Amino acid sequence: MSDSTASHPIWSNRLTYILATTGAAVGLGNIWKFPYIAGENGGGAFVLMYLLCILLLGIPIMVAEVMLGRKGRANPVHAMLTQARSAGVSKGWSLIGIMGVAAGIMILMYYSVVAGWSLEYVFQSATSSYIGKSPTDVAAGFGVLAQDTTRQLIWHSAFISVTAFIVGLGVTRGIGNAVNILMPMLFMLLLLLLWYAYNNGEFMRGLTFMFSADFSKLTGASLLTAMGHAFFTLSLGMGTVMVYGSYMPESQSIPSASVTVAFLDTLIALVAGMAIFPLVFASGLEPGSGPGLLFETLPIAFSDMWGGAFFGTGFFVLVSIAALSSSISLIEPGIAWLEKLGITRIKATVGLALLCWIGGVASIYSADVFSTLDYLTANIMLPLGGLLIALFVGWRLGYTRVRKEITGVSNGLFNIWFVVLRFITPIGVIVVFYESIKGLFGA
Ligand code: PFF
């Protein structure tokens, strides 16, 4: 990373942008959350809806959100303020930025707890504590952890501290290099696990579960979960890709960078699912067993695998690091904003990290807090942020201003994107919101 101006840095090259944004996107959402929510929502039809949401809502919004960041060259709140001013529309649009900052903090309040579970499994793998045990005993181990608040507290505190330490130093220098090495390693380990699942799991049953669509299982609520997850997994609607986009070199093409990030993110989620479901079926677990799914199935696989302690350690280290490159991106919009308001980076970091820590403690003690934070952010705040971004870019900024910023695509492609962003994306989000509200009232 090099400084282009004294006040606002620019990634040193295009690849760094891709890696940092992929690092933000690929995280617990792909490896922990996707398999278990796909499991809870019946598999195939849900996966298909999720893919459709990535294509019709996620990618178009990512292009728009990154563009707002790069044009604004500032944190989400100030980037929105500048652009609302230059387009001559209400300053109220900067609420998108404020809601985003809040959503990031709220997500980190439970994300850090799950990252803590992953750290616990690094420890358990490294000390071979589940190796050689029966599948039932290994699976029960997660239940023990879920009851052990002290242990969860220690790991959650450790994870928040590391996040704060890196963010306090300034994210950009270390993270680019780290993701450069770690993302390929994560992918290699996932492939290894896929190979293991292919050989030792009920692979075809897993695939069938993931890819054969039974639409009768699809409810308004599961549609909302699929849409919310598309936003969550791509880190959209809350200013993360806006901040990262604000560091993007001028010459980089926003659409091709966004498609690359979305493609990698989706691929990693699908591979994770294809590795995990065959193991779920082979070990007699339920795909809908909830947030513990990853932490029950993988240790079962590693417990009787050659070199299981080694691979298990490696895998959970990488899950933890994938979580770390995302957690940094969750807190960064808030810190960048506070800094602009004149608060030092260190003070901003300590303050926000403390807030996240307190929220995390609440999530550990109450499963309701945990799931409410998850539901509110993923299913409401991020899609709402995305909807407002689509409306702002599609209807308020004006065609010419937007066209100038979106380079590297033909007029034809640009026009298709712009029409999708103006009509399909907002209508899509609104229809899903409507369907899920209708479902709530049993209509
Ligand atoms: N995309 C991350 C994941 O899938 O784990 C989570 C996340 C990071 C969501 C950053 C939102 C965000 F701004």
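Coordinates for the structure precede this section.
So, how was this worked out
Residues numbered from 1 in each chain as written. Predicted model: local features only at pLDDT ≥ 70, side-chain atom pairs only at ≥ 80, totals over all residues. Heavy atoms only, no water. Phe/Tyr/Trp six-rings, centres within 6.5 Å; stacked < 30°, edge-to-face > 60°. Helix = DSSP H or I, 4+ residues; strand = E, 2+ residues; numbered from the N terminus. Buried < 20%, exposed > 50% of the residue type's maximum accessible area, 1.4 Å probe, protein only. Near = heavy atom within 4 Å. Polar contact = N/O pair within 3.5 Å; in protein donor to acceptor, adjacent residues only side chain to side chain. Areas by Shrake-Rupley, 256 points an atom, 1.4 Å probe, with all protein chains shown as cover. Nonpolar A, V, L, I, M, F, W, Y, C, P; charged D, E, K, R; others polar. Contact = heavy atoms within 4.5 Å. Axes fitted to C-alpha atoms, helices over the stretch in contact; angles between N-to-C directions. Parallel < 35°, antiparallel > 145°, perpendicular 65-115°, else oblique. Left-handed = near helix turned anticlockwise from the far one by under 90°. Salt bridge = Lys/Arg side-chain N within 4 Å of Asp/Glu carboxyl O.

Looking now at the packing of aromatic side chains. Throughout the structure, instances matching the rule amount to 30 aromatic pairs. The interplanar angle of 35° and the centroid separation of 4.9 Å between the aromatic rings of F34 and Y50 together place this pair among those described as tilted. Pair noted here: F34 is in helix α2 (residues 28–40) and Y50 is in helix α3 (residues 44–72), with a separation of 16 residues, a long-range link. Each of the two residues, F34 as well as Y50, counts as buried. Following the ring pairs from residue to residue traces out a cluster consisting of W32, Y36, Y110, W117, Y121, Y130, F142, F295, F302, F315, F316 and F370.

Lining the immediate environment of the ligand, one finds 15 residues, of which G29, Y111, F232, M238 and T240 sit closest. At a separation of 2.8 Å, a nitrogen atom of the ligand approaches a polar backbone atom of F232. The separation between a nitrogen atom of the ligand and a polar main-chain atom of T233 is 3.2 Å. Out of a free accessible area of 340 Å², the ligand has 100% covered by protein chains. Taken together, the elements giving at least two residues each to the shell around the ligand come down to α1 (14–25), α2, α10 (220–233) and α14 (308–340). Taken together, the residues of the shell around the ligand break down into seven nonpolar, eight polar and no charged.

Structurally, the position occupied by W417 is in helix α18 (residues 411–440). Note on W417: relative accessible area 11%, which makes it buried. Sequence separation between W417 and S371 is 46 residues; the distance between their C-alpha atoms is 34 Å. Setting aside anything within four residues of it in sequence, one finds W417 in contact with P60, V63, A64, V393, V402 and I406.

Running from amino to carboxyl end, helix α5 (residues 95–126) crosses α14 at an angle of 160°, the nearest separation of the two axes being 8 Å. Between α5 and α14, the interaxial angle falls into the category roughly antiparallel. Judged by the twist between their axes, the crossing of α5 over α14 is left-handed. By residue class, the composition of the contact of α5 with α14 is 20 nonpolar, nine polar and no charged.

With phi around 45°, R73 is a residue other than glycine that occupies positive phi space. Residue placement: R73 occurs in the loop between α3 and α4 (76–87). Under the relative-accessibility criterion, R73 is labelled partly exposed at 23%. The phi dihedral of S235 is positive, around 60°, even though this residue is not glycine. Within the secondary structure, S235 sits in the loop between α10 and α11 (240–246).

Across all of its chains, the model carries eight salt bridges by this definition. Note that R205 is salt-bridged to E202, the shortest N-O span being 3.2 Å. Exposure remark for R205: the relative accessible area of 46% places this residue in the partly exposed category. Measuring nitrogen to oxygen at the nearest pair gives 3.0 Å for the salt bridge that ties E339 to R345. Judged by its relative accessible area of 34%, E339 is partly exposed. Judged by relative accessible area, which is 15%, R345 ranks as buried. A cluster of three or more residues bridged by salt bridges with shared partners is formed by E332, E339 and R345.

With that out of the way, let us pick up the environment of R401. The residue R401 is located in helix α17 (residues 399–405) in this model. Using a relative accessible area of 32% as the deciding quantity, one classes R401 as partly exposed. Placed 314 residues apart in sequence, R401 and A87 show a C-alpha to C-alpha distance of 9.0 Å. Leave out the neighbours within four places in its chain, and R401 touches K71, S86 and A87. From its side chain, R401 meets the backbone oxygen of L397 in a polar contact 2.5 Å long.

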